[in-house]
Amino acid sequence: MGDSTSAMDETGIVIRVDDRPEALPQDHWDALLAAQARPTPFMRLAYLRALHASGSATASTGWQPQFVSLWRGGALIAACPAWLKSHSYGEYVFDWAWADAYHRHGLSYYPKLLVAVPFTPVPGSRLLAVDDEARALLAQALRALARETAASSLHVLFGDPADQAALAAAGCSARAGVQFHWTAEGDADFTAFLARLHRDKRKKIQQEQRRVREAGVSFDIREGAAITGEDWDYFYRCYQQTYREHHSRPYLSRDFFARMAAEMPEHWLLFTAVREGERVATSLIVLDPARRAAFGRYWGATAHIPCLHFDACYYQPLAWCIAHGYKRFEGGAQGEHKMARGLMPTPTASSHWLAHPAFADAVNDFLAREGEAMAGYMDELNEHAPFKAKDAADAAS
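Basis of the calculations
Residues numbered from 1 in each chain as written. Predicted model: local features only at pLDDT ≥ 70, side-chain atom pairs only at ≥ 80, totals over all residues. Heavy atoms only, no water. Helix = DSSP H or I, 4+ residues; strand = E, 2+ residues; numbered from the N terminus. Buried < 20%, exposed > 50% of the residue type's maximum accessible area, 1.4 Å probe, protein only. Pairing = 2+ DSSP bridges. Axes fitted to C-alpha atoms, helices over the stretch in contact; angles between N-to-C directions.

Peer 1: What is the right way to look at unusual backbone geometry in this model?
Peer 2: At the junction of Tyr 110 and Pro 111, the peptide bond is cis and its omega measures out at 5° in the coordinates. Structurally, Pro 111 can be placed in the loop between helix H3 (96–104) and strand S7 (112–115). In this structure, His 247 is a non-glycine residue whose phi angle is positive, near 55°. Looking at the element boundaries, His 247 is found in the loop between helix H8 (229–245) and helix H9 (254–263). The class of His 247 is exposed, set by a relative accessible area of 77%. Positive phi is not limited to glycine here, since Cys 307 has a value of about 75°. One can find Cys 307 in the loop between strand S14 (293–301) and helix H10 (308–323). Exposure remark for Cys 307: the relative accessible area of 17% places this residue in the buried category.

Peer 1: When you look at the sheet that holds strand S6 (residues 82–85) in this model, what are you seeing that I'm missing?
Peer 2: If you trace the 11 strands from one edge of the open sheet to the other, you get S3-S6-S7-S9-S16-S10-S15-S14-S13-S12-S11, paired in mixed fashion. Strands with a single pairing partner mark the edges of an open sheet, and in this sheet they are strand S3 (63–65) and strand S11 (217–223). Neighbour-to-neighbour, the strand axes of this sheet turn through a mean angle of 30°, independent of strand direction. When strand S13 (residues 278–288) meets S14, the two strands line up antiparallel, connected through eight bridges. Residue pairing for S14: Thr 282 is matched across the bridge by Gly 300.

Next up, the structure:
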């Protein structure tokens, strides 16, 4: 059994901290999530519960749940998933240098308090709230929790603009990042999408897809409940192989995906590459059908086939998104190579507060300089967009 602590502020709002996401009511949480500006499937309570119940994100793996919720008269008015972290793995906003600086000065950087979806660098709403006032109170509650738990710092990763504003008002500093996303431009099909690319980019993609076809590979595409247990088993074998090749261990357990298949089947899309009747690779996509958004998540292969990664992870999902009227495909963290595949640079942000005044000053100075560099980097990336100018594309059509 887990523990829950609560306290009431002077306005009668009850602030709860739960070390088990199962202790929170799913209907209240998901209704609050649906009312946010940038909800994603990854913030559904079923997803967060599965991370914990499957043993993927628990105190034993360095993710100690500290879910914060605010209640007024029995109604949930604000909430977020928070974790006391004993390391910085699985976050995709890198603060290893900060931890090292603390260590070199004889200070402890861990535990730190983190608001994020474990192992999931997908931007979206993090501080769920009924209004800006409740969101501001939640941001203040997080600062208080960081102090109470003797955390070195507070970090909120990949939040939306409303989150960033509330956290800035609570004394946090912003950190800029970049990802690469595709957004729909009304293309009738994947061929029309390719036609908008500069010739060298278009030819490169066509050559890569031709190499995959010439290798005898075709794709089996399954969505939702049509993904069988056997499909999930092969996917997990591929998922493990990817980590093995990088000399590391998978973050997510097989049980996590079993729970997802049972509890959130409508959010999954699986591409399986087949050659001569045998599976050789998989690419797993998360879908948000309500908002027509898709998120590239995991890839793995049991045979080496040149260019298969690009086809399975980008071209096949993009073709599917276009055919099914999806508006956005997010390719995951990092990767300038995604631009050549039609995914454009998109700014992301995180928010940070450090308890130690001197380190806070040093980090704030670093973030200001990093932010200027990131702005220049974004400008440079946009100057090398893979798409033809619109007037030229119209003339060619």
